[in-house]
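Summary of the model geometry
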Amino acid sequence: MSSDVRFTDFKSDKQPTWCPGCGDFGTMNGMMKALAETGNNPDNTFLVAGIGCSGKIGTYMHAYALHGVHGRALPVGIGAKLANPNLEVMVAGGDGDGFSIGAGHFVHAVRRNVDMTYVVMDNRIYGLTKGQASPTSREDFETSTTPDGPMQAPVNPHALALAAGGTFIAQSFSSDAMRHVEIIKEAIEHPGFAFVNCYSPCVTFNDVDTYDYFRDSLVDLKETDHDPTDKDAAKDVIFDTEKEYQGVIYKNEASVPFEDRWGISEDMSKIESKPPEGAMDLVREFY
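The rules behind these values
Residues numbered from 1 in each chain as written. Predicted model: local features only at pLDDT ≥ 70, side-chain atom pairs only at ≥ 80, totals over all residues. Heavy atoms only, no water. Buried < 20%, exposed > 50% of the residue type's maximum accessible area, 1.4 Å probe, protein only. Helix = DSSP H or I, 4+ residues; strand = E, 2+ residues; numbered from the N terminus. Pairing = 2+ DSSP bridges. Salt bridge = Lys/Arg side-chain N within 4 Å of Asp/Glu carboxyl O. Core = buried A, V, L, I, M, F, W, Y, C linked by side-chain atoms within 4.5 Å. Contact = heavy atoms within 4.5 Å. Phe/Tyr/Trp six-rings, centres within 6.5 Å; stacked < 30°, edge-to-face > 60°. Lys NZ or Arg CZ within 6 Å of the ring centre and 35° of its normal. Axes fitted to C-alpha atoms, helices over the stretch in contact; angles between N-to-C directions.

**A closer look at the pairing of strand β1 (residues 45-49)**
- Counted residue by residue, β1 has five buried out of five residues, so it is predominantly covered.
- Because side chains alternate across β1, one face comprises the buried residues T45, L47 and A49, and the other comprises F46 and V48, equally buried.
- Pairing of β1 with strand β2 (residues 64-67) involves four bridges; the strand directions are parallel. Following the sheet pairing, V48 is matched in β2 by L66.

Given below as structure tokens:
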């Protein structure tokens, strides 16, 4: 890994088309800084993005990247990491991508505990399709398709992660740049699956969960006596419906990544120029 990489090395030459003021700018900048400050570089980084406004991040960052199928970014990231454990793998997507169509993959990625980082750019709305309620929208959040609100409780992604055996569960805010970078760095350095839900306000379609709302509401766990290694304390934070938090909610310091438990250390991504001996006989059996 290079030690003189700057975060701008992770910027691509493509200009973002996100709306001016979109929270995704801050989320992405923090991810790039965290990658650079943890000694990574674009040549050893693989970024998988889901579908949605957030899914464009793979185009705007300079690294190996793949724009995955809706809700299926995590399995791709897991496959890449297991094929080449030397890669720094980061998966990014939105709350709709991750907690609706991708909810099943999310739970199983958490319990598998492959050493990678998953950043959800949570704006509590479907922005790309112009403003429908998402899995994390408030129960009374009014949109054109839900004029009385979705009338169902929002998904609690941290509760899902904790119940699935998560070893690193955190939350950040894209506008609190320094804390966002700190949290993402800690996630990258965690040995196992690190989940960071990042509040990333949509300035176009969500006039409730705004920058001002989060600035006024967020409690930074770093400024409290919260112990992130205490699972019971993590439960108290996760199920507290009266406050919004940022910081590391829970981490298991005894975490052992999936690939270490299975002895996966070899780079299997290199393909020989000739097929393995007997490969064609195997193909003919099924022809």
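**Observations regarding the environment of H180**
- Residue position: H180 is located in helix α7 (residues 177-189).
- Classification of H180 by relative accessible area gives buried; the value is 0%.
- Along the chain, H180 and P150 lie 30 residues apart, while their C-alpha atoms are 30 Å from each other.

**What to know about the pattern of salt bridges**
- One pass over the full model with this rule turns up 13 salt bridges.
- In this structure, E37 engages K185 in a salt bridge whose closest nitrogen and oxygen atoms are separated by 3.2 Å. Residue E37 is located in helix α1 (residues 24-37), and its partner K185 is located in helix α7; the two are separated by 148 residues in the primary sequence.
- E37 gets classed as partly exposed once you look at its relative accessible area, which sits at 49%.
- Residue K185 is classed as partly exposed on the basis of its relative accessible area, which comes to 24%.
- Of the charged contacts, one joins R179 and E182 as a salt bridge, the two residues approaching to 2.7 Å between their closest N and O atoms. Residue R179 and its partner E182 are located together in helix α7, separated by three residues, close to a single helical turn.
- Classification of R179 by relative accessible area gives buried; the value is 13%.

**A word on the nonpolar core**
- Formed by 33 residues in total, the largest nonpolar core has its most connected members in L74, V91, F106, M116, Y118, F193 and F195.
- Tallying contributions element by element places helix α3 (residues 73-83) first for this core, with five residues.
- When neighbours within four sequence positions are excluded, M116 is seen to be in contact with L74, G77, I78, V89, V91, G192, F193 and A194.

**Points about the packing of aromatic side chains**
- All chains considered together, the criterion is met by 13 aromatic pairs.
- With a centroid separation of 5.3 Å and 90° between ring planes, the pair formed by W18 and F25 is classed as edge-to-face.
- Every member of this aromatic cluster is reached through a ring pair, and the members are F99, F106, Y118, F193 and F195.
- One residue, K33, lies across the ring of F7, its end atom 5.2 Å from the ring centre.
- R138 extends its terminal NZ or CZ atom over the ring of Y213, reaching a point 4.8 Å from the ring centre.

**Considering the pairing of strand β4 (residues 116-122)**
- Across the seven residues that make up β4, a large majority, seven, are buried.
- A two-sided burial pattern is seen for β4, the buried positions comprising M116, Y118, V120 and D122 on one face and T117, V119 and M121 on the other.
- The pairing of strand β3 (residues 88-94) with β4 spans five bridges and is parallel. Paired with G93 across the bridge in β4 is V120.
- Pairing of β4 with strand β6 (residues 193-199), which is carried by seven bridges, proceeds in the parallel orientation. Bridge assignment links Y118 to a residue of β6, and that residue is F195.

**Observations regarding α3**
- For α3, the complete set of buried residues consists of A73, L74, G77, I78, A80, K81 and L82.
- Where α3 is buried, its residues contact β1, β3, α5 (103-112), β4, β6 and α10 (258-261).

**Some points on the sheet that holds β6**
- The strand order across the open sheet built from eight strands is β2-β1-β3-β4-β6-β5-β8-β7, with neighbouring strands paired in mixed fashion. Here the strands that pair on one side only, and so sit at the sheet edges, are β2 and β7 (218-220). Across the sheet, the mean angle from the axis of one strand to that of its neighbour is 20°, orientation sign disregarded.
- Where β7 lies against strand β8 (residues 244-251), three bridges are found, and the strand directions are parallel. Within β8, the position partnered with L218 by the bridge is E244.

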